[in-house]
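# Survey of secondary and tertiary structure
Take a look at the letters that make up each chain.
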Amino acid sequence: MILLIWATLLLSVRGSSAETAEKQHCDYRGYCVTLTEGELTAEAGLCVVIPCSFTTAYGFTPQSIVWYKCEQSTQQCDDSDMIFHSKKYNQNVQPGFRRRVSLLEPDVSQNNCSIRINNLSDSDSGSYQLRVNGDRFGRPDGYTFSQRATVSVTDLTQKPSVMIPPLTEGKQTTLTCTAPGLCSGSRPKISWMWREAGGNDSYITENITAVKTENLTAGTKRHRSTLDFSPSAEHHGTIITCKVSFNGGTTTEKTLTLNVNYVKKVQISGNRNLKKGETLNLTCSVESFPPSFVAWTKRNCMGSLIRNRRSSTLVIPDVRAEHSGQYVCEAMYMERPLLSYVNITVSLDLVINCGSCRPVLPWVVAGVSLSVHVLVIILISCLWNSRKKVKPNQEDRTYMSLQRTDTSSEYEVIAQC
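Residues numbered from 1 in each chain as written. Predicted model: local features only at pLDDT ≥ 70, side-chain atom pairs only at ≥ 80, totals over all residues. Heavy atoms only, no water.

### Concerning the overall build of the protein
A tally of regular secondary structure across the protein gives two helices and 30 strands. Taken over 417 residues, the protein has a buried fraction of 37%. When the accessible surface of the protein is totalled, it reaches about 25,600 Å², and 52% of it is carbon and sulfur. (Helix = DSSP H or I, 4+ residues; strand = E, 2+ residues; numbered from the N terminus. Buried < 20%, exposed > 50% of the residue type's maximum accessible area, 1.4 Å probe, protein only. Areas by Shrake-Rupley, 256 points an atom, 1.4 Å probe, with all protein chains shown as cover.)

What follows is the structure in structure tokens.
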């Protein structure tokens, strides 16, 4: 189990120092310590593990482990430099290191002096020295090893890990942000922020779970936060940021762009009523992600689909009567067809054709004009004749008297002219 903890910590927190060799140093009395050669590098806000093991002289029984931090030029650190004591509540431990330093193996008899320092800051860079206290042959004794471990704390470069599953409009989903490092002793603060295109950051306060800590092994932890939401088309292209703040003011963040699968209604624009000879120009558009494939078709009289062109814009110059009909825009979105229809009407000019003959419109106009003139003449003639048959007035009458010379009844008539 101890080997598993060591392997996990060394691979996850030592970074480039994981390849640094360890070397055993012994003195003539039989006290030996194994430490890492060279610097152990770690990043601010995270932790560092100082691998260490020791052996003691014959008759020495270790009872406690003490670590100091002092200048490299100082031959031996003293109690004022103490950063850790395996006996809890030791008053000599510097306040800035309390509850930040711990043994990987609490059982001192295992001769394992490896420690983990959490919540690193720049001030933790320096030289660390080990002392083992115990008794030898029944008398209190202790030994301070001259060899030291050197730690260098650099700026934090690791980013949080943000897991975003495939996003679909209207489907509830969960985003997960995991803080970098596996052994931060204090729980970091994890926050989420939105930023629309060209907008400002705004913190998200709803539908966020509190930071959860997962214990991987006895010496490693993972801190994460989740965000639950229902994505929409408006979320597509939104910038989302997960920000992790460690004790001591060290922060790191990771920013990603959300891609939401969505599709809106198919739209068709363009003139639907045209005259013969004009240009048909129809545009089919559908807002979607991923982009949809658009194709135009035209229904024939039998109802089957005839492929016309594969473009979002349909242009047919010099339209004729046969171009009238129903046109279909077919948008293929993620193997799902979306259809929209438009009816096109092409109207004709008043032109009479005889096969390939030239237009005869002027002759038609002349014929119509002649017919109108004839009708007018006939109408005038009728009106004139009707006027002549009207009964004359009294003053217009003329009488003639005839002297009767013959008394026969044959002439007994008065005639009116």
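### Quick word on the nonpolar core
By size, the foremost hydrophobic cluster in this structure holds 32 residues, and its most contacted members are Ile50, Ile65, Trp67, Ile117, Tyr128, Leu130 and Phe145. The biggest single contributor to this core is strand β11 (residues 139-154), with five residues. Setting aside anything within four residues of it in sequence, one finds phenylalanine 145 in contact with Tyr31, Cys32, Val33, Phe54, Thr55, Gln129, Leu130 and Val132. (Core = buried A, V, L, I, M, F, W, Y, C linked by side-chain atoms within 4.5 Å. Contact = heavy atoms within 4.5 Å.)

### Regarding the pattern of salt bridges
Taken as a whole and assessed by the stated rule, the structure comprises six salt bridges. Across the pair arginine 222 and glutamate 214 runs a salt bridge, and its minimum N-O distance is 3.5 Å. (Salt bridge = Lys/Arg side-chain N within 4 Å of Asp/Glu carboxyl O.)

### Concerning the side chain of histidine 85
Positionally, histidine 85 belongs in strand β7 (residues 82-85). Judged by relative accessible area, which is 14%, histidine 85 ranks as buried. Only 3.0 Å separates the side chain of histidine 85 from the backbone nitrogen of lysine 87, close enough to count as a polar contact. Not counting residues up to four positions away in its chain, the partners in contact with histidine 85 are Ser64, Ile65, Val66, Asn90, Val93 and Asn133. (Polar contact = N/O pair within 3.5 Å; in protein donor to acceptor, adjacent residues only side chain to side chain.)

### Here we look at unusual backbone geometry
Cis rather than trans, the peptide bond between phenylalanine 289 and proline 290 has omega equal to -5°. Examined against the element boundaries, proline 290 turns out to sit in the loop between β25 (288-289) and β26 (293-299). You will see that aspartate 318, though not glycine, has its phi angle at about 50°, which is positive. Aspartate 318 sits in the partly exposed class, given a relative accessible area of 43%. Look at methionine 334: it is not a glycine, yet its phi comes out positive at around 50°. Its location among the elements puts methionine 334 in the loop between β29 (325-333) and β30 (336-347).

### Here's the deal with a nonpolar patch on the surface
A cluster of nonpolar side chains, Leu370, Val374 and Ile378, forms an exposed patch at the surface whose accessible area comes to about 280 Å². Note on placement: leucine 370 falls in helix α2 (residues 361-388). (Patch = residues over 30% accessible without salt bridge, like charges linked within 9 Å, V, L, I, M, F, W, Y side chains within 5 Å.)

### Comments concerning the sheet that holds strand β19 (residues 239-245)
Read from one edge of the open sheet, four strands run β16-β15-β19-β20, paired in antiparallel fashion. The outermost strands of the open sheet, each flanked by one partner alone, are β16 (202-203) and β20 (251-257). Here β19 pairs with β20 via seven bridges, running antiparallel. Paired with cysteine 242 across the two strands is lysine 254, which belongs to β20. (Pairing = 2+ DSSP bridges.)

### Topic: the pairing of strand β14 (residues 173-178)
The element β14 is extensively covered by neighbouring structure, given that five of its six residues are classed as buried. Looking at chain direction, strand β12 (residues 161-163) and β14 are connected through three bridges and run antiparallel. By the bridge assignment for β14, valine 162 is matched with cysteine 177.

By themselves these figures say nothing about function.
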